[in-house]
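Residues per chain, in single letters:
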Amino acid sequence: MSPSPPLFSLPEARTRFTNSTRDALINKNIKPLLSTFSQLAGSENEKKCTLDQAFRVILEEEIKLLSIQNITRASCENVLAIISLAIGGVTEGICTASTPFVLLGDVLDCLPLDQCDTIFTFVEKNVATWKSNTFYSAGKNYLLRMCNDLLRRLSKSQNTVFCGRIQLFLARLFPLSEKSGLNLQSQFNLENVTVFNTNEQESTLGQKHIEDRDEGMEVEEGEMGDDEAPTSCSIPIDYNLYRKFWSLQDYFRNPVQCYEKISWKTFLKYSEEVLAVFKSYKLDDTQASRKKLEELKTGGEHVYFAKFLTSEKLMDLQLSDSNFRRHILLQYLILFQYLKGQVKFKSSNYVLTDEQSLWIEDTTKSVYQLLSENPPDGERFSKMVEHILNTEENWNSWKNEGCPSFVKERPSDSKPTRVVRKRTAPEDFLGKGPNKKILMGNEELTRLWNLCPDNMEACKSESREYMPTLEEFFEEAIEQADPENMVENEYKAVNNSNYGWRALRLLARRSPHFFQPTNQQFKSLPEYLENMVIKLAKELPPPSEEIKTGEDEDEEDNDALLKENNESPDVRLDKPVTGDQIELFANKLGEQWKILAPYLEMKDSDIKQIESDSEDVKMRAKQLLVAWQDQEGIHATPENLINALNKSGLSDLAESLTNDTETSS
């Protein structure tokens, strides 16, 4: 019998993993843990759970040291090192995927808020790790719970930046379609109540100005400079304005009140009075505005408060502050957008009347006008706000549609194939007549059907080739382009739109010039066709002018043959290259076309154009030679091409071209 495998011992494994974790923490290396994991007996799940406990034991020891001693940066680094080891353990597959998140939760629960800031910085830096497939599904709920616990401990007014960092981290961690981070039902933060003085008897707004006017303010000598001399506010403020102004915050907090008849009348009355004050007292006319502009020019520090300060003593300063006015006006625009917008979860009773809609439309224009007049950069700020609110409409539409995912999945190729019934061929049920003739039920149809036994071969017959050759189609246009024939422009074939359309289709099928890039600019189709006709006239043989007799043809053929035999090879090399020569030589040139291009005086732009037009090297070589032929005209001779080949070091091709020219001649 074979010996049984050693059993798993929890005390031994816990001790060895604890010691290995300490060694790994000292050496900043996970190798001791990997070695211990491979040496211990037992299943993987048993060893993983034991290692998870060892991590928590070591972390507990470090947290106890932090509570006894003064908290130092080095101590926090040891805590972060333990979490980093746990992350490495998950990557190596020796501990469970939730371990790093459990350790983070333990640390943040035990440390004060000052040190939580340092730990959370580590969490922010590793957001890419948390979003990976290994960690995301196991840790997203841990991270969400951890962040919510932190937000409950933090003060929104004292720890505003820290709260914002947590919210931004959650936005980076979860996808946009994550339902837990969406306000699907468009609920409002009703707990955000703005507290102000509601007792008119306790108000000091009216008394203060009277006392200042009657008694004056006692100012010690040297206490205040000339520039800081007290001045009365140009905006008349009383308790009624103060009460109405801050009462509007309740409507901004809960816009649903505006759908109630009595509340709407109150909102309408208060809004008209407040906006009338903004219109009547522009900030350009107040001393506070000029002081604010000076602070902006000198780089004054910007101070942010999470809540409005509603003290009566600050009312005059607030109304004279451009940023404060922008806050209030922007609240109006957000409120109006909600009232007019289509929200999925809005009650069917929440509908604006025509009168309300008209007032909101007019007031929106007035608010944008006030924003554009508010310094500094009012016009720019107003357009920016309008753009942001228009973008917000897209988000509202997305929420109304149920927040569909932004990721579009690729359709799977494995679609169920539908069984297609094959149509029975006529040959399977016809051909029952004499000589297997297929009877179509009509004498003429039977004759047509049986002209050829194979229908596909009949369609491929040469007699069904209806596309003319270039010589046949452009013969008339070439004759008309000859100045000796003196054909007026209006009677030329190229000016016929039907002829031009057919010419373009034929050139695309049978002429290399059609796809050749050119620097010439053509204003009309007839102008382009005239240029193409001139090129074709150089390549195509001249059309026959009259029908010659057999004797005349024989005599001319004999004379031409004698003349060709008497010509020297140099004379034949001076003639322009033909289309057949270009086709033949392009096949031989192949990949070496780019070496030859500079010696044919081709520009870099032309070479790039040829490369982008085709991936076939033979087609690129042909385009190069055709472009050279268009560029040189009658000077595009085999002799000049041979000289360019020799200069580029392609002497083998030059010799081959010389032999081909002599052979063809």
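Conventions we followed
- Residues numbered from 1 in each chain as written.
- Predicted model: local features only at pLDDT ≥ 70, side-chain atom pairs only at ≥ 80, totals over all residues.
- Heavy atoms only, no water.
- UniProt positions renumbered as here; feature names shortened; annotations may be inferred.
- Core = buried A, V, L, I, M, F, W, Y, C linked by side-chain atoms within 4.5 Å.
- Buried < 20%, exposed > 50% of the residue type's maximum accessible area, 1.4 Å probe, protein only.
- Helix = DSSP H or I, 4+ residues; strand = E, 2+ residues; numbered from the N terminus.
- Salt bridge = Lys/Arg side-chain N within 4 Å of Asp/Glu carboxyl O.
- Phe/Tyr/Trp six-rings, centres within 6.5 Å; stacked < 30°, edge-to-face > 60°.
- Lys NZ or Arg CZ within 6 Å of the ring centre and 35° of its normal.
- 1 Å grid on protein atoms, 1.4 Å probe; cavity = no way out; pocket = protein on both sides within 12 Å on 5 of 7 lines; lining within 4 Å.
- Points joined across faces, edges and corners; volume = space filled by probe spheres on them.
- Nonpolar A, V, L, I, M, F, W, Y, C, P; charged D, E, K, R; others polar.

An unreviewed UniProt entry lists the protein under the name THO complex subunit 1, from Monodelphis domestica. UniProt's Sequence similarities (unreviewed entry) comment on the protein is quoted here verbatim: "Belongs to the THOC1 family."

Draft legend 1. Main features of the nonpolar core. Counting residues in hydrophobic clusters, the biggest one holds 53 residues, and the most contacted among them are Phe 55, Trp 130 and Phe 169. Sorting elements by how many residues they give to this core places helix H4 (residues 73-92) first, with nine residues. Membership of the second largest hydrophobic core comes to 43 residues, among which are Leu 248, Leu 275, Leu 339 and Leu 371.

Draft legend 2. Seen up close, the pattern of salt bridges. Tallying each qualifying case throughout the model produces eleven salt bridges. Note that Arg 152 and Asp 149 form a salt bridge whose closest N and O atoms lie 2.4 Å from each other. Linking Arg 152 with Asp 149, this pair stays in helix H8 (residues 136-153), spanning three residues, or about one helical turn. For Asp 149, a relative accessible area of 28% translates into the label partly exposed. For Asp 250, the salt bridge is made with Arg 253, and the minimal N-O distance between the two is 2.5 Å. You can see Asp 250 and its partner Arg 253 sitting in helix H11 (residues 239-253), three residues apart, about one turn around the helix. Among the charged side chains, a salt-bridge network with shared partners connects Asp 117, Glu 124 and Arg 165.

Draft legend 3. Quick peek at the packing of aromatic side chains. Tallying each qualifying case throughout the model produces 29 aromatic pairs. Ring geometry for Phe 196 against Tyr 242: centres 6.1 Å apart, planes inclined by 80°, an arrangement best described as edge-to-face. Taken as a pair, Phe 196 in the loop between helix H9 (160-173) and helix H10 (205-214) and Tyr 242 in helix H11 lie far apart in primary sequence, 46 residues in all. One exposure class covers both Phe 196 and Tyr 242, and it is buried. Here the aromatic rings of Phe 336 and Trp 359 are separated by 5.9 Å at their centres, their planes lie at 85°, and the arrangement is edge-to-face. With a gap of 23 residues between them, Phe 336 in helix H15 (residues 322-340) and Trp 359 in helix H16 (residues 354-373) connect regions that are remote in the sequence. A relative accessible area of 1% means that Phe 336 is categorised as buried. Three or more aromatic residues joined by ring pairs make a cluster, and in this case those are Tyr 251, Phe 252, Trp 264, Phe 267, Tyr 332, Phe 336 and Trp 359. Residue placement shows Lys 346 over the ring face of Tyr 338; its charged tip is 4.5 Å from the ring centre.

Draft legend 4. Here's a closer look at empty space enclosed by the protein. For the structure shown, the criterion picks out two cavities of 30 Å³ or more. There is about 90 Å³ of room inside the largest cavity. Lining of the largest cavity is provided by Phe 278, Lys 282, Leu 283, Arg 325, Leu 329, Leu 370, Glu 373 and Asn 374. Elements that contribute at least two residues to the lining of the largest cavity include exactly H15 and H16. Broken down by class, the residue content of the lining of the largest cavity amounts to four nonpolar, one polar and three charged. Residue lining of the second largest cavity: Val 577, Gln 581, Ile 582, Phe 585, Leu 625, Trp 628, Leu 641 and Leu 657, and that is the complete set. A per-element tally of the lining of the second largest cavity places helix H26 (residues 579-589) first, with three residues. Residue composition of the lining of the second largest cavity, grouped by class: seven nonpolar, one polar and no charged.

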